[in-house]
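# Survey of secondary and tertiary structure
Here is how the chains run, residue by residue.
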Amino acid sequence: MTTPRTLDADEARTRLPELTVIDVRTPGEYATGHVPGALNIPLDQLRRALPTLREVTGELLMVCASGARSEQACTALAAEGIGAMTLTGGTQEWSRRGHELGRPQQNARTTWSMERQVRFTAGSIVLTGLGLGLLHPAWQLLSAGIAGGLVFSALTNTCGMAVMLGKLPHNRPRAADLDATLAALAAR
């Protein structure tokens, strides 16, 4: 497996007019702020977008929060013969460098970032396990399971909880949203 080509935030900002930027985060995450001009095609919808992505002229830059999901997207695209680059450090690094983030129109739904959703969910489950552990010690295994999952997540740079949370309705793209994105991409 080859490592996808990367662009750092400053180089990407300089080259932004010549790039087609695809943000592979969930719609909720995208709504919290994205690289200006980025189109939202969630990672789990990438396969549906392949025919349109094949027709893009110029270079594709895949973006996510930290760079992990965009790297997965680049690998998936490479397997389909489509070249793409990933933004090193994702929108987090873009923002840290002081670059402006684009925001959707006022009527778009806004949701917590996926990282915040994971922290809230994991923390809630751990507290629940500890609280119920006062009733019966076996409930503490719930907290231990979440702790183990967090360690595994850090070691593998993957997050099963984020995958599950991404399937919740507020994190799912409406079909019309993805269709509009693909139409905008095809019109470029």
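Here, every reference points to the structure presented above.
Summarised in this report is the structure supplied together with it.

Conventions used here
- Sequence order sets the numbering: in each chain, residues are counted from 1 along the sequence as written.
- Thresholds applied to this predicted model are a pLDDT of at least 70 for local features of residues and 80 or more for the giving and counting of side-chain atom pairs; totals over whole chains, interfaces and linings are not thresholded and use all residues.
- To obtain the side-chain values, all non-hydrogen atoms of the structure were included, while hydrogens and water were left out.
- Here, the term nonpolar core denotes a set of buried Ala, Val, Leu, Ile, Met, Phe, Trp, Tyr and Cys residues that are joined through side-chain atoms within 4.5 Å.
- Whether a residue is buried, partly exposed or exposed follows from its accessible area with a 1.4 Å probe, protein chains only, as a fraction of its type maximum: under 20%, in between, or over 50%, in that order.
- We count a stretch as a helix when DSSP gives it H or I for four or more residues in a row; a strand needs E for two or more, and each element gets its number in order from the N terminus.
- Whether two residues touch is decided by their heavy atoms; if any such pair falls within 4.5 Å, the residues are in contact.
- Any pair of nitrogen or oxygen atoms within 3.5 Å is treated as a polar contact; in protein, a donor-acceptor pairing is required on top of that, and neighbouring residues in sequence qualify only through side-chain atoms on both sides.
- Strand pairing requires that DSSP identify at least two bridges connecting the strands.
- Axis geometry follows a simple rule: fit a line to the C-alpha atoms, using only the stretch in contact for helices, then measure angles between N-to-C directions, giving values from 0 to 180 degrees.
- Salt bridge, as applied in this entry: a Lys or Arg side-chain nitrogen positioned within 4 Å of an Asp or Glu carboxyl oxygen.

## Re the nonpolar core
Counting residues in hydrophobic clusters, the biggest one holds 20 residues, and the most contacted among them are I22, I41, L53, L60, M62 and L77. Residue assignment for this core shows that the elements contributing at least two residues are α3 (46–54), β4 (59–63), α4 (68–79) and α9 (175–186). Of all the elements, α3 adds the most residues to this core, at 4 residues. Discounting residues that sit within four places of it in the chain, I22 has contacts with L39, I41, L53, L60, L61, M62, V63 and L185.

## Some remarks on the side chain of S70
Relative to the helices and strands, S70 is located in helix α4. A distance of 2.4 Å separates polar atoms of two side chains, one belonging to S70 and the other to T86. The residues contacting S70, other than those within four sequence positions of it, are V24, M62, V63, C64, T86 and L87.

## Examining the sheet that holds strand β2 (residues 19–23)
Spatial strand order, β1-β5-β4-β2-β3: 5 strands in an open sheet with parallel pairing. Strand pairing shows two members of the sheet lacking a second neighbour, β1 (5–7) and β3 (39–40), which therefore form its edges. Alignment of β2 against β3, held across 2 bridges, turns out to be parallel. Considered in β3, the bridge of D23 is made with N40. Against the sheet, α4 engages β4 and β5 (85–87), with an angle of about 140° to β4.

## Examining the pattern of salt bridges
In this structure the tally under the stated criterion is 12 salt bridges. One salt bridge in this structure joins E59 and R15, with 2.1 Å as the shortest N-O distance. Here E59, found in strand β4, pairs with R15, found in helix α1 (residues 9–15); they are 44 residues apart in sequence, far enough to count as distant. Judged by relative accessible area, E59 falls into the partly exposed class, the value being 26%. The salt bridge partner of E93 is R96, with a shortest N-O separation of 3.1 Å. Of this pair, E93 and R96 both sit in helix α5 (residues 90–96), 3 residues apart, which is roughly one turn of the helix. Residues participating in the shared-partner salt-bridge network are R5, R15, E18 and E59.

## Here's the deal with the environment of C74
Relative to the helices and strands, C74 resides in helix α4. When its relative accessible area of 2% is taken as the criterion, C74 is described as buried. With 60 residues separating them in the primary sequence, C74 and L134 have C-alpha atoms 47 Å apart.

Note that all results are geometric; they support no functional claim without further evidence.
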